[in-house]
Amino acid sequence: MESVAEGLWGLADYHEKKGEIGKAVKCLEAICQSHVSFLPIVEVKTRLRIATLLLRHSQNVTHAKSHLERSQLLLNSIPSCFDLKCRTYALLSQCYHLVGAIPPQKQILYKALQLTSAVAPDVSVKLWCCNFNSQLANALIIEGDYQNSISTLESGYVSASQICYPELQMFFAASILHVRLLMQWDDQTAVEVEQALNRCDQVWDTIPSERRAHCLGLLFYNELSHIFYRLRISDYKNAVKHVDNLDAAIKQDTNNMSQLQQLTLELNALNQSLSRSDIPPRERSALSARHTRVQGQLTSMAIATTSSTSAGNDYLEPTYFGNTRRALQDKLLLAPPPINGEWLPKSAVYALVDLIVIIFGRPKGNFKECDKRIQSGMHIIEEELVRLGITDGVREVDLQHSAIWMAGVYLMLLMQFLENKVAVDLTRSEFLEAQEITESKSMQIMCQAYAAVSYLCIGDAESSSQALDLIGPLYRMKDSFIGLREEASILFAYGLLLMKQQDLQEARNRLAKGLQIAHVQMGNLQLVSQYLTILGNLALALHDTGQAREILRSSLTLAKKLGDIPTQIWVLFVLTGLFQQLGEKGNEMENDDYRRKKFDELQKRLADARSSIHHIELIDKVKLEVQRFHEHDMKRTMAGQSMTVNLDIPESVGLSTPMPVASSSRLVDLDTRRRGKRKF
């Protein structure tokens, strides 16, 4: 009867090569359904072959599972047949995974690992250990048992190391990093994550460069894990290089797939031409030569791009990591066999890379590229959902468990694309608005003046030089500016620069002029207080302690009236220097205590503001309206206050305060009444 079985096996091979999977399955089922008994090992091999065909070419997981369960029962009565038992366990575990039966999957994998521990540890046994540990770790991850999953993956890593298999080591190292990224972090786990990251780098470097070219799936797995780690610790700068690596790999793979497709089309056209019987001999010879050349190019490119160095045509050869239902060009294989499975489908990985490029491109304002990636990613996902059978009107009961699980991955990605599409649209509008603002000549001048002040506050020579580069050109052309605010800001920054250059008398003249503009023409009390603080500091530098005391007291009084705590702290700091210069130790200590008190008060106010539940809402929803209204309103209010508040500015500053005009206060009152009727 063995010859009958071999004949039916051969016939099944013939039908499979022709793509007639149904006929191949019927040939094999004839053996299982025969009234004549075959040897148990023949039945086991046949049922394994049927299960392999069903898993590879159909959605009939339940039928495949029943054949494998029957094979397992038959093998229990056979003491040997280690390889057949391992293949049965591996395929049966895949079936349980596909139907979502995790407890029986774990049970069968524990049996498989127990089997491998009872035999001599040769290369084949270690490969099976890697297979079973990989599937068991995946099952534990699904259950959320991350710690045991890591232990299982470590066992797989040890087995891969014992047979000196760097690609397999890389798979387990990347998987361990992946699991650690899923876990909650504390100080200890953060160190463990970094160690896992470093091990991935070390193992990847041990793979020879010519072999890395065949490990495209591992490359993506490793680079994506690095990106997720960098995003987790907010290290965006170092994540960019990994994003660029992935983007370059996708472009190269896309080009290779395009060339493969063109060669395939050309080969089909040549086959069609050669099938004609009316071709002249010379032309047929040329076509045959061309056919041989294209066939060779196609074969070599297919091996280079898909790592399809299959280990023969043994129909019982297991797929160690994943199933092979997809076409070879649509798969992102981790590495050559036996690691020729997928971490995720190629389309899902490519969509994920598009999503990451969007996340990094949006803050830079690369909206055109972001739009292109959003369209690309959403198109990929829509195509894959249709391929999985997720269409309008479909019911959940009509779908396979594996299709539902994979659809969940794609729908999660789709949600991220939709969220980022909204974010890109909002960011684009903010960029356009900011562009309109920054195109304002007035705003550019103000920004340069503020930047110059910031550089001067740093205090080193290089920063002072940068401040001069910013404020010098503005000061030389200030007479062409109409705006008082711009002129006052330029004089403020230029006065600071002159003080830095020890041109103190010229600095006093410029600052006094700026103070007059801020007080008389602008009515900006806060700027007046800041000018007075600078002038008090200048008087102290000129050793005119009497004038410095008067000016600084005026500045402090005004800052208190405005509730301007930062300026108060600044004035108090300068006053401390004054008292030190005068040797007034008691005043110095009292003043310094008050400065520390105000500093603590400022920190408390900042902390309260940040912890307020209204903080984010106020910033996000009304910052633009409030800023515009506040600036417009404060200008009017300050103009009125400057005419009515006694600023107590010392006459020694050289600023004369005009008497208030009666009509101006009436205009302020009228404007206040109008504002009271506004609605926001």
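Keep in mind that what you see is a predicted model, and the values were worked out from it rather than measured.

S.K.: Quick one: what's the story with the overall build of the chain, residue by residue and with numbers?
M.R.: Each helix and strand counted, the chain has 27 helices and zero strands in total. At a minimum sequence separation of 6, the contacts of the chain that also span at least 24 residues come to 65%.

S.K.: Give me the lowdown on the pattern of salt bridges, citing residues and values where you can.
M.R.: Side chains that differ in charge, positive against negative, can pair when their charged atoms come close. Tallied over the entire structure, the rule returns 29 salt bridges. Taking the shortest distance from any N to any O, the salt bridge between Glu43 and Arg70 comes out at 3.7 Å. One end of the pair, Glu43, is in helix α3 (residues 40-57); the other, Arg70, is in helix α4 (residues 61-76), and 27 residues separate them in sequence. For Glu43, a relative accessible area of 15% puts it in the buried group. Residue class for Arg70 comes out partly exposed when judged on its relative accessible area of 37%. Across the pair Asp235 and Arg230 runs a salt bridge whose closest N-O atoms are separated by 3.1 Å. Among the ionic contacts, a cluster of salt bridges with common partners joins Asp247, Asp354, Glu369, Lys372 and Arg373.

S.K.: Can you explain helix α18 (residues 441-458)? Please cite residues and give values.
M.R.: Compared with an ideal rise of 1.5 Å per residue, which puts 18 residues at 26 Å, α18 spans 26 Å between its outermost C-alpha atoms and is within 8% of the ideal. Turning to α18, its buried residues number three or more, namely Ser442, Ile445, Met446, Ala449, Ala452, Val453 and Leu456. Looking straight down α18, one finds its buried side chains confined to an arc of 120°; they lie on one side. Exposed side chains of α18 directed beyond 90 degrees from the buried face belong to Tyr450 and Ile458. Residues of α18 that are buried in the fold lie against α19 (461-476) and α20 (484-500).

S.K.: Describe the packing of aromatic side chains, listing the residues and the values that go with them.
M.R.: One pass over the structure, following the stated rule, counts six aromatic pairs. On the numbers, 5.6 Å between centres and 20° between planes, the contact of Trp128 with Phe132 is stacked. Of the two residues, Trp128 and Phe132 are both situated in helix α7 (residues 123-142); the distance of four residues between them amounts to about one turn of the helix. Grouping residues by exposure puts Trp128 and Phe132 together as buried. Aromatic side chains Trp185 and Tyr229 sit 6.1 Å apart centroid to centroid with 40° between the ring planes, which places their arrangement in the tilted category. Here Tyr229 lies in helix α12 (residues 216-232) and Trp185 lies in the loop between α9 (166-182) and α10 (187-206), a separation of 44 residues in the sequence.

S.K.: Account for the environment of Ala407, with residues named and values stated.
M.R.: Residue placement: Ala407 occurs in helix α17 (residues 401-438). Ala407 gets classed as buried once you look at its relative accessible area, which sits at 4%. Between the C-alpha atoms of Ala407 and Ile381, which are 26 residues apart in sequence, the distance is 9.1 Å. With residues near it in sequence (within four places) discarded, Ala407 still touches Leu385, Leu388 and Ile390.

S.K.: Before we move on, could you go through the nonpolar core and cite the residues and values that matter?
M.R.: Counting 46 residues, the largest nonpolar core has Leu55, Leu68 and Phe132 as the members making the most contacts within it. Of all the secondary structure elements, the ones that give two or more residues to this core are α1 (2-17), α2 (21-32), α3, α4, α5 (82-99), α6 (102-116) and α7. The element that contributes the greatest number of residues to this core is α5, accounting for 10 residues. What Leu68 contacts, discounting residues up to four positions off in sequence, is Leu48, Ala51, Thr88, Leu91, Leu92 and Cys95. Counting residues in hydrophobic clusters, the runner-up holds 37 residues, among them Phe220, Leu224, Leu246 and Leu414.

S.K.: Explain the side chain of His226 residue by residue, including any values.
M.R.: Relative to the helices and strands, His226 resides in helix α12. Given the relative accessible area of 3%, His226 is considered buried. Here Asn222 takes part through its backbone oxygen, which lies 2.8 Å from a polar atom of the side chain of His226. Here His226 is in contact with Leu197, Cys200, Asp201 and His242, once residues within four sequence places are set aside.

S.K.: Tell me about the packing of α20 against helix α22 (residues 525-541), and name the residues and values.
M.R.: It is the contact of α20 with α22, at a shortest axis distance of 11 Å, that shows an interaxial angle of 15°. The orientation of α20 relative to α22 falls into the category roughly parallel. In the packing of α20 onto α22, the handedness of the crossing is left-handed. Contacts from Ala488, Leu491, Phe492, Leu496 and Met499 of α20 reach α22 at Leu527, Gln530, Tyr531, Ile534, Asn537 and Leu538. For the contact of α20 with α22, a count of residues per class yields nine nonpolar, two polar and no charged.

S.K.: Kindly report on the side chain of Asp354, identifying the contributing residues and their values.
M.R.: With respect to the element layout, Asp354 can be found in helix α15 (residues 346-361). Judged by its relative accessible area of 6%, Asp354 falls in the buried class. Only 2.8 Å separates the side chain of Asp354 from the side chain of Arg373, close enough to count as a polar contact. Beyond its immediate stretch of four places on either side in the chain, Asp354 contacts Arg373, Ser376, Gly377, Ile380 and Phe417.

S.K.: Can you explain the environment of Leu48? Please cite residues and give values.
M.R.: The topology assignment puts Leu48 in helix α3. Among the residues examined, Leu48 registers a relative accessible area of 1% and is labelled buried. Separated by 43 residues in the primary sequence, Leu48 and Leu91 place their C-alpha atoms 8.4 Å from one another.

S.K.: Quick one: what's the story with the confidence of the model for the chain, residue by residue and with numbers?
M.R.: Should pLDDT be low for a region, the predicted coordinates there are not to be read in detail. Put simply, the chain has an average pLDDT of 80, and 83% of its residues get 70 or more. At the low end of the mean pLDDT range in the chain sits helix α27 (residues 662-675), at 30; at the high end sits helix α8 (residues 146-162), at 95. Overall, residues 306-324 carries pLDDT values under 50, and its contacts beyond four positions in sequence, including any with other chains, amount to 54 contacts. With pLDDT under 50 throughout, residues 632-680 is counted as low confidence; its partners more than four residues away or in other chains account for 52 contacts.

Thresholds, definitions, all that
- The written sequence of each chain sets the order in which its residues are numbered from 1.
- Local features in a predicted model are, by the rule used here, given only for residues with pLDDT of at least 70; side-chain atom pairs are given and counted only at 80 or more, and totals for whole chains, interfaces and linings are based on all residues.
- Hydrogens and waters are ignored; side-chain quantities use all the structure's heavy atoms.
- Secondary structure follows DSSP: runs of H or I at least 4 residues long count as helices, runs of E at least 2 residues long count as strands, and numbering of each begins at the N terminus.
- The contact definition used throughout considers only heavy atoms, calling two residues in contact when any of these lie within 4.5 Å.
- We count a salt bridge whenever a side-chain nitrogen from Lys or Arg sits within 4 Å of a carboxyl oxygen from Asp or Glu.
- Type-normalised accessible area, obtained with a 1.4 Å probe on protein chains alone, sets the label of each residue: buried when under 20%, exposed when over 50%, and partly exposed for intermediate values.
- Each helix should span, by expectation, one fewer than its residue count multiplied by 1.5 Å.
- By arc we mean the arc of the directions from the helix axis to the C-beta atoms, nothing more.
- We call Phe, Tyr and Trp rings a pair once their centres come within 6.5 Å, taking the six-membered ring for Trp, and we label the pair stacked below 30 degrees between planes, edge-to-face above 60, and tilted otherwise.
- What makes a nonpolar core is a set of buried Ala, Val, Leu, Ile, Met, Phe, Trp, Tyr and Cys residues whose side-chain atoms join them at distances within 4.5 Å.
- Two N or O atoms count as a polar contact when they lie within 3.5 Å, although within protein this holds only if one can serve as hydrogen donor and the other as acceptor, and sequence-adjacent residues are included solely when both atoms are side-chain atoms.
- Fitting a line to C-alpha atoms yields each axis, with helices limited to the stretch in contact; the angle taken between N-to-C directions then spans 0 to 180 degrees.
- Orientation categories follow fixed angle ranges, with anything under 35 degrees roughly parallel, anything over 145 roughly antiparallel, 65 to 115 roughly perpendicular, and all other angles oblique.
- Definitions for this section: a left-handed crossing has its near helix turned counterclockwise from the far helix by less than a right angle. A right-handed crossing has that turn clockwise.
- Note that Gly is not counted as nonpolar here; it falls among the polar residues with everything else outside the nonpolar set of Ala, Val, Leu, Ile, Met, Phe, Trp, Tyr, Cys and Pro and the charged set of Asp, Glu, Lys and Arg.
- As a per-residue measure, pLDDT tells how confident the predictor is, with possible values from 0 to 100.

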